[in-house]
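Chain by chain, the residues:
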Protein chains: 2
Amino acid sequence: MKISELSDRSGLPVQTIKYYIREGLLPKGTATAATRAEYDGRHLHRLRLIKALREVGDLPIASVQQIVAAVDDDAVALHLLLGKAQYALGPRAEPQPEDSGWRAARQDVDAVIAELGWRVLPDAPARDLLAQAFAALRGLGLPIVLRDLRPYIEAAELIADHEVAGLLVDEDRERAVQTAIATNVLYERVLLALRRMAQENASTRRFDLA
Amino acid sequence: MKISELSDRSGLPVQTIKYYIREGLLPKGTATAATRAEYDGRHLHRLRLIKALREVGDLPIASVQQIVAAVDDDAVALHLLLGKAQYALGPRAEPQPEDSGWRAARQDVDAVIAELGWRVLPDAPARDLLAQAFAALRGLGLPIVLRDLRPYIEAAELIADHEVAGLLVDEDRERAVQTAIATNVLYERVLLALRRMAQENASTRRFDLA
């Protein structure tokens, strides 16, 4: 297909497609004339992956480049590829001052994860994200105690077990990453919205018995 | 206390305090001279509330004005006050085109909430937020089915029941709103971070049996 058809079918402007080719995210088409190239289904699938990473995952170009390179590298096992994509997702913890409050929060996080026996790498970005929330709560005079954390831990395990069980591992790698990223980001919003409504429901039942 | 001491104790610059007074968020101090005013503990508590709404809740000034007005209006029951504060929190659904995809997603949300028997107002912002996620997933060829939603619903109920049970209703209204907003925002980050780590743990256990 021509670049104009690739644009129509991917929903991306021709200029954007050319930009992705320049950045090495998308292979060049097969030249058919000095100013023409032919594209195929592989280009379309790659563009759909890039679109999901950029538009749903909100990832910077550098992260997209890394993920695309890992997709193309069969030496990277699928679950490591999906993990790499998850690590690239925001939000990220803001850079932290090396003060004692931050160090204490990070140690608390590491202690909780060790206590749970969760297999999570020491440099998982979510450790810093959790430490940042711990430090902010402590700064507001609302320090976290393990008892308060229990329902969140239970909820996270419930959801993650469901999500990991549903991963389609025999799928095409490109499609698997695309689905995993979209699912991760969009179900995070689903969870957030459901929590807000469940709060309203629980509060209405508790305070407004009429 | 003088405005300089109020600034020290609240951690807010004098200029910011003056701005909040101009915007009607904070009452004026008691004039003690042409260019001096005296402030007391009520000013400090109000500033701490405003700070939590602005810095943790990331709310615009107009929303802070509405919440502060509701705090001062004893005719607004505490649980309605907390509900008002929760409705003011982002993220909000982007304005939606009145297309059939969006309408269908919103109807799906309303049907799910009705099916659950949750007491949630028809104009709760989280309904639109959930509809937006439904529409986005459908647009990616990953439509939500109720079976997939179950673990998220269960998780949301688990968390909300814990959170609403923990509300300190005999507390000062100002402090109750401050705590509720901070808790809502920061425990959302806690939940997000725990979900990411629970995913890594579940994935490692499933794929990497070594």
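Structural notes, computed from the coordinates.

Conventions used here
Residues numbered from 1 in each chain as written. Chains lettered and ligands numbered in written order. Predicted model: local features only at pLDDT ≥ 70, side-chain atom pairs only at ≥ 80, totals over all residues. Heavy atoms only, no water. Helix = DSSP H or I, 4+ residues; strand = E, 2+ residues; numbered from the N terminus. Rg over C-alpha atoms; globule rule 2.2 N^0.38 Å. Contact = heavy atoms within 4.5 Å. Least-squares fit on C-alpha atoms with pLDDT ≥ 70 in both. Buried < 20%, exposed > 50% of the residue type's maximum accessible area, 1.4 Å probe, protein only. Core = buried A, V, L, I, M, F, W, Y, C linked by side-chain atoms within 4.5 Å. Domains from an automatic or database assignment. Salt bridge = Lys/Arg side-chain N within 4 Å of Asp/Glu carboxyl O.

1. Quick notes on the overall build of chain A
For chain A, the helix and strand inventory stands at nine helices and two strands. Against the 2.2 N^0.38 benchmark of 17 Å for 210 residues, chain A shows a C-alpha radius of gyration of 22 Å, more extended than a compact globule. Overall size of chain A, expressed as C-alpha extent along the three principal axes, is 70 × 50 × 30 Å. Looking at chain A alone, contacts between residues at least 24 apart form 62% of all its contacts between residues at least 6 apart.

2. Brief notes about the relation of the copies chain A and chain B
The two copies are related by a screw motion: chain A maps onto chain B through a turn of 180° and a shift of 0.0 Å along the axis, at an RMSD of 0.0 Å. In the structure described here, the two chain copies are related by an operation that fits a two-fold rotation axis. Taking C-alpha positions as the reference, the residue of chain A nearest the rotation axis is Ala155(A), at 2.3 Å. Comparing interface residues between copies, 100% of those in chain A also sit at the interface in chain B, which points to an isologous, same-surface contact.

3. So, the environment of Leu130(B)
In this structure, Leu130(B) sits in helix 7 (residues 125-139). Under the relative-accessibility criterion, Leu130(B) is labelled buried at 0%. In contact with Leu130(B), other than residues within four places in its own chain, are Val190(A), Ala193(A), Leu194(A), Met197(A) and Val109(B).

4. Observations regarding helix 5 (residues 78-88) of chain A
Of all eleven residues in helix 5 of chain A, eight are buried, a share of seventy percent or more. The complete set of buried residues in helix 5 of chain A reads Leu78(A), His79(A), Leu81(A), Leu82(A), Ala85(A), Gln86(A), Tyr87(A) and Ala88(A).

5. Overview of the nonpolar core
The biggest cluster of nonpolar side chains holds 138 residues, and the ones touching the most others in it are Trp118(A), Val177(A), Val190(A), Leu194(A), Val177(B) and Val190(B). Here this core takes 15 residues from helix 9 (residues 173-207) of chain B, the largest share from any one element. When residues of this core are assigned to domains, at least three map to each of domain 1 (1-88 + 168-210) and domain 2 (91-149) of chain B. Sequence-distant contacts of Val190(A), that is, excluding residues within four places in its chain, are made with Leu130(B), Ala133(B), Leu137(B), Ile144(B), Leu149(B) and Tyr152(B).

6. Quick word on the pattern of salt bridges
The tally for this structure, following the rule as stated, stands at 24 salt bridges over all chains. Note that Arg195(B) and Glu188(A) form a salt bridge whose closest N and O atoms lie 3.9 Å from each other. With Arg195(B) in helix 9 and Glu188(A) in helix 9 (residues 173-207), the pair connects residues from two separate chains. With a relative accessible area of 3%, Arg195(B) lands in the buried category. When salt bridges with common partners are traced through the structure, they connect Arg106(A), Asp110(A), Arg127(A) and Asp128(A) into a single cluster.

Note that every value here comes from positions in space, so none of it alone points to a role or purpose.
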